[in-house]
Structures are given as structure tokens and as C-alpha cells.
Number of protein chains: 2
Amino acid sequence: MYRTNNCGELNSSFVDQEVKLSGWVNKIRTKGFIIWIDLRDRYGITQLVFDKERTDTSVFEAANKLGREFVIEVDGKVIKRKDFNKNISTGEIEILVSNLKILNSSITPPFTLEDQTDGGDELRMKFRYLDLRREPIKANLIFRNKLSLEVRNYLSDNGFLDIETPYLIKSTPEGARDFVVPSRMHPEHYYALPQSPQIFKQLIMIGGLDKYYQIVKCFRDEDLRADRQPEFTQIDCEMSFVNESDVLKQFEGLILHLLKKFGKPVNNSFPKLTYKDALENYGSDKPDLRFDIKINEITDTVKGKNFNIFDNAEYIGCLVLPEKAELSRKEIDNLTEWVKRPQIGANGILWIKNSGDNSIKSSFDKFFTSDDLKSLIKNLGSKSGDLILIMAGTKKETLEHLGTLRLEIGKRYDYINYDLFCPAWITAFPLFEYDDEEKKFKSTHHPFTSPNEESLELLNSNPENVIANAYDLVLNGNEIGGGSIRIHDYNIQMKIFEILGMSKKEYESQFGFLIEALKYGAPPHGGIAFGLDRLAAVLNNKDVIRDFIAFPKNNSGKDLMIDAPARLTKDQLKDMTKK
Amino acid sequence: MYRTNNCGELNSSFVDQEVKLSGWVNKIRTKGFIIWIDLRDRYGITQLVFDKERTDTSVFEAANKLGREFVIEVDGKVIKRKDFNKNISTGEIEILVSNLKILNSSITPPFTLEDQTDGGDELRMKFRYLDLRREPIKANLIFRNKLSLEVRNYLSDNGFLDIETPYLIKSTPEGARDFVVPSRMHPEHYYALPQSPQIFKQLIMIGGLDKYYQIVKCFRDEDLRADRQPEFTQIDCEMSFVNESDVLKQFEGLILHLLKKFGKPVNNSFPKLTYKDALENYGSDKPDLRFDIKINEITDTVKGKNFNIFDNAEYIGCLVLPEKAELSRKEIDNLTEWVKRPQIGANGILWIKNSGDNSIKSSFDKFFTSDDLKSLIKNLGSKSGDLILIMAGTKKETLEHLGTLRLEIGKRYDYINYDLFCPAWITAFPLFEYDDEEKKFKSTHHPFTSPNEESLELLNSNPENVIANAYDLVLNGNEIGGGSIRIHDYNIQMKIFEILGMSKKEYESQFGFLIEALKYGAPPHGGIAFGLDRLAAVLNNKDVIRDFIAFPKNNSGKDLMIDAPARLTKDQLKDMTKK
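Residues numbered from 1 in each chain as written. Chains lettered and ligands numbered in written order. Predicted model: local features only at pLDDT ≥ 70, side-chain atom pairs only at ≥ 80, totals over all residues. Heavy atoms only, no water.

Undergrad: Could you clarify how one ought to interpret the packing of helix 4 (residues 135-157) of chain B against helix 16 (residues 532-539) of chain B in this entry?
TA: To characterise two packed helices, one gives the angle between the axes of the helices and the distance between these axes. Residues and elements named next belong to chain B. Remark: helix 4 packs on helix 16, axes separated minimally by 10 Å, with the N-to-C direction vectors making an angle of 115°. Viewed along their axes, helix 4 and helix 16 adopt a mutual orientation that is roughly perpendicular. The hand of the helix 4/helix 16 crossing is right-handed. Judged by residue contacts, Phe143, Arg144, Leu147 and Ser148 of helix 4 engage Leu532, Asp533, Leu535, Ala536 and Leu539 from helix 16. Of the residues in the contact of helix 4 with helix 16, the class split is six nonpolar, one polar and two charged. (Axes fitted to C-alpha atoms, helices over the stretch in contact; angles between N-to-C directions. Helix = DSSP H or I, 4+ residues; strand = E, 2+ residues; numbered from the N terminus. Parallel < 35°, antiparallel > 145°, perpendicular 65-115°, else oblique. Left-handed = near helix turned anticlockwise from the far one by under 90°. Contact = heavy atoms within 4.5 Å. Nonpolar A, V, L, I, M, F, W, Y, C, P; charged D, E, K, R; others polar.)

Quick look at the structure:
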């Protein structure tokens, strides 16, 4: 036996007990005749004390030779400390050590194992097993474990069955790139790793299992953007005999359960925004609703004053910033430079300062009279003290730029209340997007998404206007989930493949089994999938999902710790290429 | 809304309520003026009734046109049935349908969706989504879901953290073959799919997380034996600061928890057998303890009677079968033929019939006097009525054959009590096995298994005699779990690699990160992994794990439903082979 107790549970109620502890040497302080050691394990830190009077000489000498991160086992008596440490749960006691055994030694770690480490990202990933010892990373993984468990509890209590779908499946070249796996037993044939269990969960519904969930790894061989992982974890769910509102209600329940379990404040009903409204009001399909500022369109109001920027623009919109009329010219210039950076690419910002009735200034005073400006701010409902930032251009781009500017302003001027958790549903996405390059329609989500009943008749005449029974769940500006009602009707599914320009050969070789399955009594069904990595980060107000993954890959898809991907042996290559 | 209730919950307490149900048409009976339909969903079956007097003509006509496996939605009133069906929970009521909507039609399924289907294995796998509708398969998956959940509950309650390890890792050519995954971003470099998260869970322990578990897919590119799957699910666990008995105690707890939850009878403490004792007493390292018959060695007792078969044998052993002395010659011949089949390859069976003091016969009466036989059966403690079956040959093979015969006898003559669940630990495995072909030692389990402390000193002199701190959990003749205490000492790990004949280059390229990690204060640790597929089957007294997997592969690793593995497109092949 290595321990009677862990390093996080002893307190003054244990005083005078003999205990055995094991753990890591976290910190050593010595005063010559007395040595204090902070012993650390997953559960906490307990102070050990060795002193020349009360400790065996051999034990004292051994303690003197310990180094940081050594693993030790000690026997000793719990005693009251003179100087309480109120910051830790074990702060009232210490262990007077009678026996010390070194279980393992340690060389010096390549970075400090403190909350604020001196290790860079790459170094921390290379020595991830040491990074895991740091409190913040450990806490993230413990949180993630609890999050998974609460998701499972809720879904299980609501009748969902955890059903495993296969990892070695078939490649479907549509959409993102698959990772493929050569089959040794069937030369020139390949498995693919799933980008999601989409089709399998639909088949589970066709199989009559009614409610399915799985917390499952998914794989996408994409050129990685910052903070994207080639393998990521999805909370994947599907239900039968449901329409859109049934699904939204069920998963509002899940998110509310999680927010409550983790002590987050939340309103009990989630606002529902159409995709169109989200773009027009927030310039984003994942709006951050923790602050009120919205985009106002002023296209019609400001045209016709001989100001080219307005007169030539398809769309003009603005943001009204309360109590920012006194913002300095320099600060506005700084914002302007920020939106003009190539990552955003806006043309610039125009402004109006509403400092009260007789003091309205703008960056386009040449073209607008004082009355023009007054009328404009009146239309906007602007109050004295407001700063109004205006952007103009094509509608799509300008809304996007205003959305980006909105978020930056939210952060820069503390409009965002970081204590809030503001979920919302985004609904009524278009079913198709027209791809100008390939000159054909593509599915906004995937080809199994159901068109909504009202727009079914547009499938033939105006595919671009067909609305999907699809929905995203956004939380504090992050898309944390998305799903749809699926097509359960064979003929509609065929129609979709036709609109997507897929040949019979294409859809049959890729989805033949699903098409076949639709002939045997497929029930109406739909579902959703949440990104677990992102959800864990967002619930902790964090941006970097990597810190919520035990063994993440870097931005080029490499595991720096194990050095993967790597070359194969000749034998392995031979196995793979034999025909 | 598609339903107010499901098809498994209505009973007489709902009489007179208006309800809406959705489901599949399971069975149709018609008497001309009246139609009964069994409506089925995951939760059960509810009888619908349509009759010419009480049902709208249009609804009645529509009902008349329904086919099996059609998906329908009905409104109706719950009424009491005249003829109760006591076999189903909804047997007291039926629904008098007022409204019927066809949600989907169905063509005729390629096999019957009954408990006993007429579909062969391959057909059932090709249309797995239909097979899932059959009660036995559905019940298996629901059981598996419950099993996973109970495993998680127990482990979570015991402080284990669910931590996900990566699927895209590095190939380690030792052991079974890896499935590999070409990296597009790093040409000529490959990921591998994990055969188990072994090294990662050790790193999680080195990272101080103390107790880890995961229910995780593992992959082995083996030439498949019957009922092996290229991807399978493991309950993977690891603990720090434990010795062997700590681990056994913890996971006895898990198995007891499961047996209790699923209403299985069990003794509270598991017998512990050494690997050697298991082989010598049961001819197997996964003995079926549901019946008492053991192997008795009689080598020394029976030699020296000029009977060549005995005199030339390294080992002679027997099984004593109570109350089988009257077995016919034909039946013994049949057993003999059975053990001589090439799958087993034994030479034959000798026998003694103990029909009472003065009636002892044997198949080798020529060489043994009546007194010889009497003395022999006395030594064996045999009672009147026993049949004694004897095999002779090399020790290893003969024990194996006796073990196989023992199991066959257990089944054939009903010695096995199928109501029992008899778990046992097998311990004290040899650390190494000598590979006669490659002329070198191989790890019996894997190279990270710790030798036990008593046999450490044999590492240099007699590696073949070193005992491992390794253990298997067997249940009713199945190995359902296995694990070990791992090496946490850098120098011992190095020694093991040396004995295994691995060069520095080899072990550093494969396990460099683990070796490095051992330098930074690795704690003593150990763990276990259980096969979830097998565990689910064994707990249900079933042999075929495939029936406990939602989408299994066949014996050549093919998914017959989705037709994987498959060929890739030219573009995909190009992506993969670019340098």
C-alpha cells in the first residue's frame, strides 16, 4: 500500500493520526534544522515537515537530498500547523514525517510546472505529461470529464442510447477531406475515418432505436487553421418522430442542465434568430449576445447627399456606441486601422459623434448638414453621448465587417459581460449555396438535410430560396452545435442529389446503402452534434480548445510528444503496397 | 408532434384517453370488417383497431392498404381489449383509430424481422439497419448501453477520470499489425490507429492524474479469426500508487457492481489462480469454473506397466466424470473422434469405467491388472459410477487437449450450470516467452509490464523464469480483462528492452517519449483493460460478440452494409501519394 490518504483530504480532524502519503515533491523550503516539503498529488498539496529534533537523522538526511518532482512515500503523524495557510484545504495541518521512501527521482523539468509557466506552446506539447501536472491543465481535464459525464447523465435520463458507430468506414469524397486507411487484406481498397457518424446515426433511426447519442471522435483532413484539430470530439445525437421544435426543446434542456450543473446563470428560454436576422443584426451567424449593440441599416436614409462612399454603396450600416462620443480621434483611427488589416479587409470607418443637441460632428460634415445629421441620429434613436460608427460597401462584406468590428468594440470597451452565458438558436438556413467557381449548388450543411415543408415547392424553381430545417446553437459568439431534420423520403433525397448535380453512379457508390435504407420505412428523424472541445472551453470563458484536450496536435497536425506522423518500416510499407 | 405516447407505455389506466402514436406496422390481421395492426417502436407494441362501424370509411380504407414496416402516425382513443394479451405490457388495451397518416412506406424486407429470422449472417449484416429492428439485436444494444453506463458510474464514483487519448498516433511495429493513416500534410509520413491507449494512459499517470478510464475503440490489423473484429471496444483503466492487490480489489469491485446491477448471482471474492495452476488444473489460462471437474496428473502413477503410450509420454492426465461410467462405447468413440479433429489434434482418449468395486474396466486392460486399476482410482479419489478419461503426450499439448475436452464434456453432459457467473483472477504469468523461430525473448504481455519484485534478480540470469506483475480476469471460460503493474523505473525499462533484443535506435524511435517521461518522476502505476464487446456477450451467456455491435464487420474485415473498404477516387490517391 502506497498511501492511506491522498494529499487533498487531511485537515485538523485528522490531528494525531498516523498516515501514509505518496506524491510529488512540489516545493522545498529549508532552514538548516528544519525542512518543509509541499507534497502534491491530483487531489491537493500537503505540507511535510522534517526537523532535526523530532526526525530520525537518516530520514532528515534523505529529505535533504530530495529534488523537485521526486516521487516519495512518507509515513508520519498529522500535526497542527502554527501558521495556517488559508489558501489550501489542508492548510491547517502538516505531517511530521517518520519515514521516507523515494519511489522515483526526477531530472529538472524543461519548464516550470506553475500556473503561469515559462514554457512555450511547443515545449509544453512535447512534454505534455509534465504540462498535465500543472493546475490549470489538470483542472481543464477534470472539468471536461465532468462535462462528458453530465451530458451522458442527461441524455441517458432522457432515453437516449449510447450506441457506438464504426471508425473504419467508407470514404465519401464530398465535403472535407477524409483520412484514409489502406486495407492490407483487400489490396488497393481503403477505409476512411468518419468526419462524423452522420449516416450511421440515420441508419440507427431507420433501425428503430428512436434516440441515439455518442461522444465520439471525428476526423477531418483539413489544412488546419489556428486552434483546429484533425481529430475532435463530438456529442452526437439523433431522435426519431420529431420535428424541429422537438429537437430544439430537447437540447435546450441539455444546455440548461449543463449551465445549471456548472453554476452558470442563464435564462430559461433561448432566443431564436433566423440566419438572415443574425447576419443583419449582428453581422455573424454566431452572434455574441452578451452585449446589446446591434447593426442598424441606414442605406436609404443616407443616400443622395452627393457623398460618393454612400451613394455608390449597396449597403450602409452602423453601430451605435453608448457613451463613447468622447472617444479620441486617435482611438477611432486605431479602430479604422484594425478593420483595414488584411485579415478583415474593410475600407474604413465613418463616424458621427452625438455630444448633445447642438454638438453633432461627423467625418463627412462636408456632405451632411447639421439637420441631416440630426435627422439621422433621430431615426437611429441615438442618445446624447453616442458614437456612431458607419461602414459602407457590398451588403455581404459590410455586414461581416460590422460584425467583426462589433465584437472588437465589445471587448475593447468592456461592453461584454463575461459573467453571462447567452445561448441562442440560429434557424432557417438556406438549404443550398451556389458555388460560383464550380457553377453548381452545394449543400449548406450536408445533402441529408431536410428542406422545410413550406419551401418544398421551390426545389424545382428556385433552389437558392429553399430554407432548410437546420439549426445551430450558438453560445457567447461560438457555434457549439448544429443539426437538422433529415430527409426520410426517398424521392426528396433523390431530388436533392439531382440538384447537387450528382450522377446516379456517384450517389449510389457513396450513399447507396442509405438510399436503399430509405425504401424500408425510414421514420421522420433529426438530430444535432455539439463540439465537446469547444463547449468545454466556452463554458470556462476560454478561447484555446487545445488546453482542454489531453494530448492535442499542433497547427500542422503533429503530435510533438510522440512525434507523429512518422515514417514506416520497410515491412509496413510493403504490406501496404502489395497488390 | 408525432406522438403523445410511445408504443410501450399505454395500459388500462389510460382507457378513454385520446392519444397519438407513431411507429412501424409490425403485423396486420384482418377479418374483412375489422383490422388489427400491431404498431411497433423501440419501446413496445400497441394494438390498433379499425372497424367498419366505428372507423371513418376513408381511414378504414387507408388502413386496408398498409403493408408491413410502413411507418404511420395514428390518433385514437385507448379502449379496453376483450382478449387480454398477457405477454406484452400493453396487452390490456388497444387504440380505436380515428385518424391515420402514412409517414413512410416500405418495400418487403429481405428477411423476416422476427426473433428467429430466416436471414443469414451476411444478409443480416448487409441490411443491418433492418436487423436492428429485431428484438434480440435491439435488446443486445440496449444492454450494451446500460453496461457502458454502469461501468462509467462505478469508475466515476471511484474517482476515475474519463480522459480521451488520441486516435492518430505513431506506429509501433512490435506486436500485432497497426492500421496506418497516410498524412497528406506530411508526405511519406503516417499516423497509426492505436491498438490500445497503453502508452498514453501511462503518460496520464506520469502526468499526475492518478486514476484514468476510457471506453475506447482499439484497432488491430490481424488476419481475422472467427468472431474477431478489426475495431473493438476496450474499457481501459489505469491507477497510480498501486500494487497488484490494489488493482485486483478495485476491479473486483467493478465486476461485482456489474453482476449485481444485472441481477447475476456471484460470490463476493474472486478465486486467484496462478497461470501455472490454471494450466495444470484446467488446461487453460481462462478456465470455466462453472463446473468442478479438474485435470488430475497421473504421470508417475501409471508408468512402468509396459504400456508404451504411458511409458513414452512426458505427461499423463485425466478427467474424472461423475456418473458417466455407463457411457456407451459409441459415445466415447464419438468424443475420441472429436478430440482427434485437426482443430484439436489429440492422439486419442483412454478410459476407465469405475462401476463399483468389482467392476472396473479400462481401454488398456491388457497392461493393467485389476489391482493396478483399483489403486489408480483410489489415488484419484474416484467414486463408483465415475468415468475416467485419460490423455497422454507432451505436457503442454496434453494439458491443452484435456482442457478442450473438459469444456466439451461440460457442455455435452450438462455439467455446466449456465445460471452461474464464475469470475477468477489468473496471476503470475511469465514475463517473457521464448520465440523459437526468431530465437529471442518476447514479452508475454507488452514490454512495459513490471517483473514482480521477488523475481527481479532473475532478469539477468534466467529471464524465462521471471514472473510478471500481470493478471487476467476470466469469467465463465472467457478472458474478459487483462492488465499489469507497469514499469516506472527507467533502468528496469532499459533492461527489458535489452532482454527483448531491441536496439537503442529501435526503442528510442518507438518509445522515446515514454523513456524520456520515466526520467521525470514517474509514479508506481498499473491498470487493466476489459473487452466491452466480449463482456456484454458473456454477461448474456452468448458467444457471438458481433450481435452486441451495432455495425460489425465480417470475418474478412468488411462492412457489408456500406461496402468498405473501397477504392478511392483518383484525386484522393493523388493527395496521398504526392511527395
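Undergrad: Looking at this structure, how should I read the relation of the copies chain A and chain B?
TA: One chain copy maps onto the other through a rotation about an axis and a shift parallel to that axis. Overlay of chain A on chain B (RMSD 0.1 Å): rotation 180°, translation along the axis 0.0 Å. Interpreted geometrically, this transformation is the action of a two-fold axis. Measuring from the rotation axis to each C-alpha of chain A, the shortest distance belongs to A:Val181, at 2.5 Å. Of all interface residues in chain A, 100% are interface residues in chain B too; the two copies therefore contact each other through one and the same surface. (Least-squares fit on C-alpha atoms with pLDDT ≥ 70 in both.)

Undergrad: Sorry if this is basic, but what is going on with the packing of aromatic side chains here?
TA: Two descriptors summarise a pair of aromatic rings, namely the distance from one centre to the other and the angle between the planes of the rings. Here the structure, examined in full by the defined rule, presents 51 aromatic pairs over all chains. Here the aromatic rings of A:Phe448 and A:Phe511 are separated by 5.0 Å at their centres, their planes lie at 90°, and the arrangement is edge-to-face. One end of the pair, A:Phe448, is in the loop between strand 19 (440-443) and helix 13 (458-461); the other, A:Phe511, is in helix 15 (residues 504-517), and 63 residues separate them in sequence. Of the two residues examined, A:Phe448 and A:Phe511, each falls in the buried class. Between the aromatic rings of B:Phe127 and B:Tyr129, the centroid separation amounts to 6.1 Å while the plane-to-plane angle is 70°, which identifies the pairing as edge-to-face. Taking the ring centre of B:Trp351 as reference, the NZ or CZ of B:Lys353 above it sits at 5.5 Å. For B:Arg406, the ring lying beneath its charged end belongs to B:Phe291, and the centroid distance is 4.0 Å. (Phe/Tyr/Trp six-rings, centres within 6.5 Å; stacked < 30°, edge-to-face > 60°. Buried < 20%, exposed > 50% of the residue type's maximum accessible area, 1.4 Å probe, protein only. Lys NZ or Arg CZ within 6 Å of the ring centre and 35° of its normal.)

Undergrad: Quick question: what am I supposed to make of the nonpolar core here?
TA: Nonpolar side chains in soluble globular proteins tend to be buried together. Core analysis: the largest hydrophobic core is formed by 134 residues, its most contacted members being A:Tyr129, A:Leu193, A:Leu203, B:Tyr129, B:Leu193 and B:Leu203. For B:Leu203, the residues in contact, after removing those within four places along its chain, are A:Tyr129, A:Leu132, A:Phe551, A:Met561, B:Phe513, B:Leu514 and B:Ala517. (Core = buried A, V, L, I, M, F, W, Y, C linked by side-chain atoms within 4.5 Å.)

Undergrad: Looking at this structure, I do not really get the pairing of strand 17 (residues 423-427) of chain A. What am I missing?
TA: Each regular strand displays side chains that alternate between the two surfaces of the sheet. Residue and element names in this part refer to chain A. Most of strand 17 is tucked away, with five of its five residues classed as buried. In strand 17, alternate side chains face the same way, and those of Pro423, Trp425 and Thr427 on one face and Ala424 and Ile426 on the other are all buried. In this structure, strand 11 (residues 272-274) lies alongside strand 17, joined through three bridges in parallel fashion. Paired with Thr274 across the strands is Thr427, a residue of strand 17. In this structure, strand 17 lies alongside strand 20 (residues 470-475), joined through five bridges in antiparallel fashion. In the sheet register, Ile426 faces strand 20, and the bridge partner there is Asp472. (Pairing = 2+ DSSP bridges.)

Undergrad: Where do I start with helix 11 (residues 370-379) of chain B in this structure?
TA: The periodicity of an α-helix, 3.6 residues per turn, causes residues three or four positions apart to be oriented the same way. All names here are of chain B. Inspection of helix 11 places Asp372, Leu373, Leu376 and Ile377 among the buried residues, and these make up the whole buried set. Down the axis of helix 11, the buried set is contained in an arc of 125°. They therefore lie on one face. Summarising the geometry of helix 11, the exposed residues directed more than 90 degrees from the buried face are Asp371, Lys378 and Asn379. Of the residues flanking the end of helix 11, it is Gly381, one or two places downstream, whose phi is positive at about 70°. (Arc of directions from axis to C-beta.)

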